[in-house]
Amino acid sequence: MATPYIGASIKRKEDYRFLTGAGNYTDDVALPGQTHAHFVRSPHAHAKIKSIKKDKALKAPGVVAIFTGDDLAGAKVNGLPCGWLITDVNGQPMKEPPHPCLAQGKARYVGDHVAIVIAETYPQARDAAELVKVDYEELPAVVRAAEARKNGAPVVHDIAPDNTCYVWGLGDRAAVDKAFSGAAHVTTLEFLNNRLVPNAIEPRAANATYSRADDSYTLYVANQNPHVERLLMTAFVLGLPEHKVRVVAPDVGGGFGSKIYLYAEDVVCTWASKQINRPVKWTADRSESFVSDAHGRDHVTRAELALDREGRFLAMRVTTTANMGAYLSTFASCIPTILYATLLAGQYTTPVIYAEVTAVFTNTAPVDAYRGAGRPEATYVVERLVETAAREMKMSPAEIRRRNFIKTFPYQTPVALLYDTGNYEATLAEALKIADVAGFQGRRADAARRGKLRGLGYSCYIEACGIAPSNVAGALGARAGLFEAGEVRVHPTGKVTVFTGSHSHGQGHETTFGQVVADRLGIPMEDIDIVHGDTGKILFGMGTYGSRSIAVGGTAIVKAVDKIVAKGKKIAAHLMEAAEADIEFKDGAFVVRGTDKKKAFAEVSLAAYVPHNYPLDKLEPGLNENAFYDPANFTFPAGSHICEVEVDPDTGTVSIVNFTAVDDFGKIINPMIVEGQVHGGLTQGIGQALTEGCHYDKESGQLVTGSYLDYCMPRADDVPAFKVGTKETPCTHNPLGVKGCGEAGAIGAPAAVMNALTDALGVRDIEMPATPQRIWRACQESKMKKAA
Amino acid sequence: MYSFSYQKAKTVADAAKVLAKDGDAKLLAGGQSLIAAMKLRLAHPSAVIDLGTIKELSGIKGDSKAVAIGAMTRHAEVASSAAVKKAIPALASLAGGIGDRMVRNMGTIGGSLANNDPAADYPAAVLALGATIVTNKRKIAADEFFKGMYETALQKGEIITSVSFPVPKRAAYMKFKNPASRYAIVGVFVADSGSGVRVAVTGAAPSVFRVAAMEKALAAKFAPESVANIAVPEKGLNSDLHAKADYRAHLVTVMAKRAVEAAMK
Ligand SMILES: Cc1cc2nc3c(=O)[nH]c(=O)nc-3n(C[C@H](O)[C@H](O)[C@H](O)COP(=O)(O)OP(=O)(O)OC[C@H]3O[C@@H](n4cnc5c(N)ncnc54)[C@H](O)[C@@H]3O)c2cc1C
C-alpha cells in the first residue's frame with residue numbers, strides 16, 4: 001500500500017450513487033401491495049377536538065382505513081417518550097405531558113397529527129382527508145417563550161398549569177452573585193436565539209410493512225439512528241417484541257438533528273400496517289415538513305459577565321427561557337440544559353458560572369436538537385458577551401480573549417465538563433492571520449468612502465462532541481446509553497464488510513470509515529464496504545448526532561479491527577510456526593519480527609475460514625469481531641471564526657465579505673470531507689444569523705414562515721468563499737485522536753456574524769435573523785442617536 | 001393536487017374555444033404559479049389547457065421602434081435575446097433577475113402578466129415603458145391593464161398573445177429582492193422615452209403603480225438627485241414580515257434613485 005489513507009482527501013465513495021440518482025431513499029422503497037397515507041393535521045394552534053367524523057371519508061374512492069386517537073388509545077398504543085429526564089432546582093422531575101401519536105381531545109399546534117387516512121394512492125388519501133370532519137373548538141394560543149409563563153396565558157397541558165416543564169440550574173449561584181458584587185465591570189446583554197426549521201432536503205418518510213408469516217414488522221424510515229428508533233418504538237410505545245421489528249434507515253438526505261427522533265408518523269404507519277395487513281407508506285411534503293418536523297433553538301436569554309479592571313472574567317450569570325413547543329420531542333429536555341449550560345465556560349477560565357434554564361410549553365411544533373444543539377446557543381451567549389465586554393472596556397477583542405483563554409489541560413470547568421486538551425491561542429493566531437485583521441482598518445475606511453459600513457466580529461467557540469460516558473449521562477437523566485457498536489467481518493478472501501451503528505445522512509462515513517479501516521488493516525479501500533442503517537444487519541447502534549460518529553463510532557470500529565488483528569496474529573503464528581509474541585502486523589501482513597517470514601492478510605483470513613492448518617483446539621475458526629465503545633469523556637473541538645461584513649445603510653443589505661474559520665478537530669481523517677462539513681455548518685450558522693427565522697403569528701399561532709416564500713434558507717450567493725484552516729491537537733482519550741467536525745460551523749458562525757454586524761453598525765444588538773429590514777431600522781436608530 | 005384533465009391547444013382559437021365551454025378550465029403557460037397553486041390545492045381547475053404547443057405565441061421580434069414578445073416566451077429567452085438586449089437592455093436584465101434559473105426556463109411573460117402577482121417584475125417594465133398587451137380579442141394599454149392584486153383587465157376567456165414594448169431612450173430597473181422568495185419587495189422601473197419619463201413601482205403595493213411626482217421631477221431633470229427626496233406615502237403600501245410599509249416606502253426612493261443612476265450609464 002502506497003500512501004496512508006488517513007489524512008488524504010479521498011473523493012467520497014457514496015457520491016457516485018447520489019449524483020447519478022442511484023441512491024435509495026425511503027421514498028424510493030416500493031413494497032408490494034403498499035398503501036399510501038396522509039395525515040389530517042390541525043389547522044389550529046390550540047383547539048379542543050369535539051368530534052371526528054370519518055364516515056364520509058371512508059366511502060371516498062380508494063380509502064382503505066382511517067384511524068384517530070381513539071383507535072390508538074383503544075389499542076393501547078402509548079404516547080411518544082422523552083429520552084432525557086431533567087430534575088428541576090427543587091429536585092422534582094420535569095413535567096412530562098402525554099404526547100399521543102394521534103391527538104386525543106386537543107390539538108396543541110398547527111400541524112398536530114389528528115388522524116391518518118390510508119388509501120390505494122396518495123392523491124386518494126389526500127382527497128379523502130378533506131372529508132374527515134373534525135369539529136374543533138378553537139382556544140387561545142401562546143407561541144412565544146416569553147409569554148408562556150405570564151399570568152393568564154393559555155394553558156397547553158393541564159399537568160403544567162404555568163406552562164413550565166422545568167426550572168433547572170447549574171453552577172454555584174451564591175459564588176457567582178458574590179463575584180458580581182465585587183466586579184469592576186459588568187456586561188449585560190439580552191437577546192433571542194431564533195427558532196429554526198431544519199429543512200433537510202429529503203423530507204421525513206416512512207414505509208412500514210407487517211408480515212403475518214412470522215408476526216414481524218419492517219419499517220423503512222428517514223432516520224439518523226434506527227436502533228434508537230426501534231428501541232423507543234417497541235419498548236415504550238407499541239409494546240412489541242424488539243426482535244420482531246426491523247428498522248431500516250436507507251440513504252437519508254440530511255438530518256441536522258431533525259431525524260433523530262421517534263415521530264408519531266413512524267409509529268402510526270407501523271401500527272397501521274398490521275391493522276390493514278398491508279404496507280403503509282408516507283412521505284411528507286415540504287409544507288408538512290415545515291409544520292411537523294421538530295424545530296431548533298428558540299431561547300430568550302439574559303446574560304451577564306463580570307470582569308476585573310484588566311478584563312479578566314470573574315463570573316457569568318445566564319438566565320434562559322427555552323421554548324419546548326407543544327410536546328417534549330425525544331431529546332428536547334436535554335438540549336437547553338445538559339448540552340447548553342455545560343458549555344458556558346467556552347474557551348475561558350471564568351471561575352464561577354451560574355445558569356438557570358426555564359423550559360416552557362407553547363402552541364408550536366416541538367423543539368429539539370438542530371445542528372449544534374445547545375452548543376450554538378451557549379457559544380452565542382459567551383461570544384456575544386465577550387465581544388461586547390471588549391468594546392465596553394476598549395480592549396481589542398483578540399486581547400480580551402487571549403487574557404482569558406484556558407492554557408493548561410486537563411481543565412475542569414465550573415459547569416461540569418473536563419476539557420482534555422486544546423490550543424485556543426493557536427487557532428486564534430492563525431485566524432487573525434488568514435482574516436488579515438491587520439488590514440481591516442484600511443478596508444473599513446475604504447468602505448466608508450463608498451458609503452458602506454464595515455464590521456469585524458470574532459467567535460471562539462468550543463463544543464462537546466460524542467456525549468459520554470453513559471453512566472454519567474445516566475446520572476444526569478439520560479434514558480439511553482451513549483456508546484457505539486461496530487463489527488468487522490473479514491471474508492475468506494480478505495475482503496471486509498464493516499457494520500457500524502453510526503448513521504450517515506450526508507457525512508460521508510462510507511469514505512471516512514473506509515479510510516480508517518484500510519489504514520488499520522493495510523488493505524485497499526476498495527476491499528472494504530461500510531454498512532449502516534439497518535437493525536437487521538447491524539448488531540446495535542446509537543446513531544449519528546452531536547458530531548459523535550468518528551469519535552465514538554469510529555473508535556468502536558477501531559476496537560473491532562484491533563481484535564481482528566489480535567486474532568490474526570494467533571493464526572499467523574500458527575501458520576508460520578512462530579510465537580504469537582513475535583508476530584507483528586505491518587502494512588497488511590503478519591510478519592515474524594526480525595525475519596522475512598510473513599503472511600498476507602488474505603492468507604490469514606483464508607486460513608480462518610478454511611481451517612485445515614489451524615489451531616482448532618485453541619481458536620475458533622472465522623474472522624469476525626465486534627466491539628462496543630463507551631467513551632471516557634466528551635471530545636472538545638474548538639476554533640476561532642472571524643467574520644467581516646459590509647452593510648449598505650441605505651437598504652439594510654449586508655454582505656459577508658470574508659469569513660475565516662480555523663478549527664481544531666484533532667486528527668483529521670479526510671480533509672476534503674471535513675472542509676465540506678465546515679462549509680455546510682458555516683452556511684447554516686450564517687443562515688441563523690442573517691436569513692432563517694421561524695415565525696408564528698402571536699395571535700393565531702399560525703406558522704407564517706411555512707414555505708420558502710417566507711422562510712429564507714441561505715443560498716450559495718449569501719455566503720462568501722470561506723477561508724478555512726485547521727490545527728490538530730489530538731483528542732487524548734480515543735485511539736484515533738479525533739474530535740468531530742459536523743456542527744462546528746453552525747456553532748461558531750452566528751456569534752461571529754452578529755459581532756461583526758453590531759461592530760459595523762455601532763449598536764449593541766440586533767435580533768437574529770438580521771434581515772435587511774432589521775438592519776435598516778438599526779441604522780435609522782443609530783443615525784437618530786447620533787443626531788440627538 | 002386535485003384531479004384535472006389536461007389538453008394541449010394547437011392554436012389560440014382552439015384554446016379560446018375550450019375556455020369558452022368550460023368556465024373552470026385554466027390556461028397553462030410556464031406553470032410556475034399555476035402548478036404551485038394546484039399542488040397546494042389553492043387552485044382547482046377542471047381542465048388545464050397547455051399553451052406550450054402553440055408556436056405562434058412564442059418568439060421575439062424587434063426593430064428600433066418597438067420590441068414584440070410572444071406571450072409564451074420564457075424569461076430566459078428574453079434575458080438572453082440579442083434584440084431585447086440591444087433595444088431595451090433594462091428589460092433583458094429584468095428578465096434575467098426573475099426567480100432562479102429553473103423558473104426563468106419555464107416562466108413566461110404572458111403568464112406573469114396574466115397572473116399580476118403584486119411582487120412580479122414584468123408589470124413594472126410594462127407600465128413604465130407604456131407597453132401594449134395584445135390579446136386574442138384586442139389591444140390593451142399598460143395603464144389600463146393592471147387592476148389590482150392578481151387582477152387585470154383580461155376578461156373571461158381572453159388570452160394574451162404578445163406584448164409590444166416601445167423602445168425608450170434610456171431605462172433601468174432596480175429590484176430589492178425579498179431575501180426568501182427573491183420576488184420584488186420593491187422594484188422600480190424608470191423609462192425615459194425622450195418625450196416623457198415614466199416611473200413604475202412593483203412589489204410595494206397590491207398592484208404596480210406610477211409615481212407622478214418622480215416622473216415630473218425627472219422630466220425636468222433626469223438625474224438621481226431629482227428623486228432623492230421624493231417619498232411615496234406609506235398608506236396603502238404592503239406590510240409584512242419582510243418589509244413594513246415605512247421600509248417599503250423608503251426603498252422606493254432608494255431604488256428609484258439607483259435606477260436613474262443606472263439609466264444614465
Ligand atoms: C421559485 C419562484 C420564484 C419566482 N420569482 C419571481 C420573481 O422574482 N419575479 C417575478 O416576476 N416572478 C417570479 N416568479 C413567477 C414566474 O416567473 C412566472 O412569471 C409566473 O409564475 C407566471 O408565469 P407562468 O408562465 O409560469 O404562468 P402559469 O403559472 O402557467 O400561469 C399563471 C396564470 O396566468 C394564466 N395565463 C398564463 N398564460 C396566459 C395567457 N397567455 N393569457 C392569459 N392567461 C394566461 C394562467 O391561466 C394562470 O392563471 C417566480 C416563481 C417561482 C416558482
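What counts as what
Residues numbered from 1 in each chain as written. Chains lettered and ligands numbered in written order. Predicted model: local features only at pLDDT ≥ 70, side-chain atom pairs only at ≥ 80, totals over all residues. Heavy atoms only, no water. Helix = DSSP H or I, 4+ residues; strand = E, 2+ residues; numbered from the N terminus. Rg over C-alpha atoms; globule rule 2.2 N^0.38 Å. Buried < 20%, exposed > 50% of the residue type's maximum accessible area, 1.4 Å probe, protein only. Contact = heavy atoms within 4.5 Å. Areas by Shrake-Rupley, 256 points an atom, 1.4 Å probe, with all protein chains shown as cover. Lys, Arg positive; Asp, Glu negative; His and termini not counted. Charge placed at Lys NZ, Arg CZ, Asp CG, Glu CD. Buried area = accessible area lost by both parts, 1.4 Å probe. Salt bridge = Lys/Arg side-chain N within 4 Å of Asp/Glu carboxyl O. Polar contact = N/O pair within 3.5 Å; in protein donor to acceptor, adjacent residues only side chain to side chain. 1 Å grid on protein atoms, 1.4 Å probe; cavity = no way out; pocket = protein on both sides within 12 Å on 5 of 7 lines; lining within 4 Å. Points joined across faces, edges and corners; volume = space filled by probe spheres on them. Domains from an automatic or database assignment. Nonpolar A, V, L, I, M, F, W, Y, C, P; charged D, E, K, R; others polar. Near = heavy atom within 4 Å. Pairing = 2+ DSSP bridges. Axes fitted to C-alpha atoms, helices over the stretch in contact; angles between N-to-C directions. Patch = residues over 30% accessible without salt bridge, like charges linked within 9 Å, V, L, I, M, F, W, Y side chains within 5 Å. Arc of directions from axis to C-beta.

### What about the overall build of chain B?
Secondary structure assignment for chain B yields 12 helices and 14 strands. A compact globule built from 265 residues would reach a C-alpha radius of gyration of about 18 Å, and chain B, at 18 Å, matches this within 12%. When its C-alpha atoms are laid out on the principal axes, chain B stretches across 55 × 45 × 30 Å. Looking at chain B as a whole, 53% of its 265 residues are labelled buried. Nonlocal contacts in chain B, meaning residues at least 24 apart in sequence, comprise 58% of its contacts between residues at least 6 apart. Surface accessibility of chain B: about 11700 Å² in total, with carbon and sulfur atoms responsible for 54%. Charged side chains in chain B number 35 positive and 21 negative. The centres of these two groups are separated by 4 Å.

### Brief notes about the overall build of chain A
The secondary structure content of chain A amounts to 20 helices and 29 strands. Over its C-alpha atoms chain A spans a radius of gyration of 27 Å, differing by no more than 12% from the 28 Å that the globule rule assigns to 788 residues. Taken over the C-alpha atoms alone, chain A extends approximately 95 × 75 × 50 Å along its principal axes. Burial status across chain A gives 63% buried among its 788 residues. Taking as baseline every contact in chain A between residues at least 6 positions apart, the subset at least 24 positions apart corresponds to 80%. Approximately 27900 Å² of chain A is accessible, and the part contributed by carbon and sulfur atoms is 53%. Computed over 83 positive and 89 negative side-chain charges, the separation of the two mean positions in chain A equals 2 Å.

### What to know about the interface of chain A and chain B
Contacts between chain A and chain B engage 24 residues on the former and 24 residues on the latter. Both faces considered, chain A and chain B share a buried interface measuring about 1900 Å² in area, 47% of it formed by carbon and sulfur atoms. Considering only the surface of chain A that becomes buried against chain B, T651, Q773 and W776 of chain A emerge as the three largest contributors, covering 26% of it. Across the chain A-chain B interface, the total number found is 7 salt bridges. Between D718 of chain A and R182 of chain B there is a salt bridge, and its shortest N-O distance comes to 3.4 Å. Counting across the chain A and chain B interface gives 16 residue pairs in polar contact (both at pLDDT 80 or more). Among the secondary structure elements, those contributing two or more residues to the side of chain A that touches chain B are α4 (122–129) and α20 (772–787) of chain A. Top contributing element to the side of chain A that touches chain B by residue count: α20 of chain A, with 4 residues.

### A closer look at the layout of surface pockets
Residue and element names in this part refer to chain A. Of the pockets and cavities examined, the second largest pocket occupies roughly 820 Å³. Looking at the second largest pocket, it is lined by 38 residues, and the ones nearest its centre are C694, H695, E767, M768 and R774. Contributing elements (two or more residues each) for the lining of the second largest pocket: α5 (145–148), β8 (185–196), β13 (295–307) and α20.

### Quick notes on the pattern of salt bridges
Residues and elements named next belong to chain A. On inspection of all chains with the given rule, the structure shows 72 salt bridges over all chains. A salt bridge links D285 to R126; its shortest N-O distance comes to 3.3 Å. Here D285, found in the loop between β12 (280–283) and α9 (286–292), pairs with R126, found in helix α4; they are 159 residues apart in sequence, far enough to count as distant. Accessibility expressed as a relative area gives 24% for D285, which makes it partly exposed. Linking E265 and R204 is a salt bridge whose minimum nitrogen-to-oxygen distance equals 3.0 Å. Taken together, the positions of E265 in helix α8 (residues 264–276) and R204 in the loop between β8 and β9 (205–211) put the pair 61 residues apart, joining distant regions of the chain. R204 carries the same exposure label as E265, and that label is buried. Through salt bridges with shared partners, a single network forms among D436, R443, D446, R450, R454, E644 and E646.

### Overview of the domain arrangement of chain A
Residues and elements named next belong to chain A. Its domain assignment divides chain A into domain 1 (17–139 + 202–253 + 259–292), domain 2 (299–467 + 633–787) and domain 3 (483–629). Computed over C-alpha atoms, the centres of domain 2 and domain 3 are 40 Å apart. Domain 2 puts 19 residues into the contact, and the matching count from domain 3 is 18 residues. Carbon and sulfur atoms supply 62% of the area that domain 2 and domain 3 bury against each other, a total of about 1300 Å² over both sides. When residues of domain 2 are sorted by the area they lose upon contact with domain 3, I669, P735 and L736 head the list and together hold 36% of the total. Inspection of the domain 2/domain 3 interface yields 0 salt bridges. Counting across the interface, domain 2 meets domain 3 through 6 residue pairs in polar contact (both at pLDDT 80 or more). For the side of domain 2 that touches domain 3, the class distribution of residues is 7 nonpolar, 8 polar and 4 charged.

### Re the site of the ligand
Residue and element names in this part refer to chain B. Surveying the vicinity of the ligand reveals 28 residues, the closest of which are L27, G31, Q32, S33 and T108. Within the backbone of R182, a nitrogen or oxygen atom sits 3.0 Å from an oxygen atom of the ligand. When residues of the shell around the ligand are traced back to their parent elements, those giving at least two are β2 (25–28) and α7 (109–115). In terms of residue class, the shell around the ligand is built from 13 nonpolar, 10 polar and 5 charged. Counting residues domain by domain, the shell around the ligand receives three or more from each of domain 1 (5–50) and domain 2 (169–265).

### Comments concerning the sheet that holds strand β10 (residues 216–221) of chain A
Residue and element names in this part refer to chain A. The 7 strands are arranged β3-β5-β1-β12-β9-β10-β11 in an open sheet whose pairing can be described as mixed. One side of each edge strand has no neighbouring strand; the edge strands of this open sheet are β3 (63–68) and β11 (245–248). On average, each strand axis in the sheet is tilted by 20° relative to the strand beside it, whichever way the strands run. Both strand β1 (residues 35–41) and β12 contribute to a ladder of 2 bridges, which runs parallel.

### Looking at empty space enclosed by the protein
All names here are of chain A. All chains considered together, the criterion is met by 6 cavities of 30 Å³ or more. The volume enclosed by the largest cavity comes to roughly 110 Å³. When the residues that make up the lining of the largest cavity are grouped by side-chain class, the tally is 9 nonpolar, 5 polar and 1 charged. Mapped onto the domain boundaries, the lining of the largest cavity takes at least three residues apiece from domain 1 (17–139 + 202–253 + 259–292) and domain 2 (299–467 + 633–787). A volume near 60 Å³ is recorded for the second largest cavity. What lines the second largest cavity is R297, H299, A322, N323, M324, A332, I335, P336, V367, D368 and E377. For the lining of the second largest cavity, the secondary-structure elements that each account for two or more residues are β13, β14 (313–325) and β16 (367–368).

### Structural notes on a nonpolar patch on the surface
All names here are of chain A. Taken together, L606, Y609 and V610 make up a surface patch of nonpolar side chains, about 230 Å² in accessible area. Tracing the sequence through the fold places Y609 in helix α17 (residues 601–609). We classify Y609 as partly exposed; its relative accessible area is 32%.

### So, helix α6 (residues 173–181) of chain A
Residue and element names in this part refer to chain A. When we look at burial in α6, the residues that qualify are V176, A179 and F180. Projection of α6 onto a plane perpendicular to its axis shows the buried side chains occupying an angular sector of 100°, all on one side. Across α6 from its buried face, at more than 90 degrees, point the exposed residues A174, K178 and S181. Summarising the contacts, the buried residues of α6 are in contact with β8, β13, β14 and β15 (352–361). The distance from a side-chain oxygen at the start of α6 to the backbone nitrogen of A174 is 3.3 Å, and the residue carrying that oxygen is D172.

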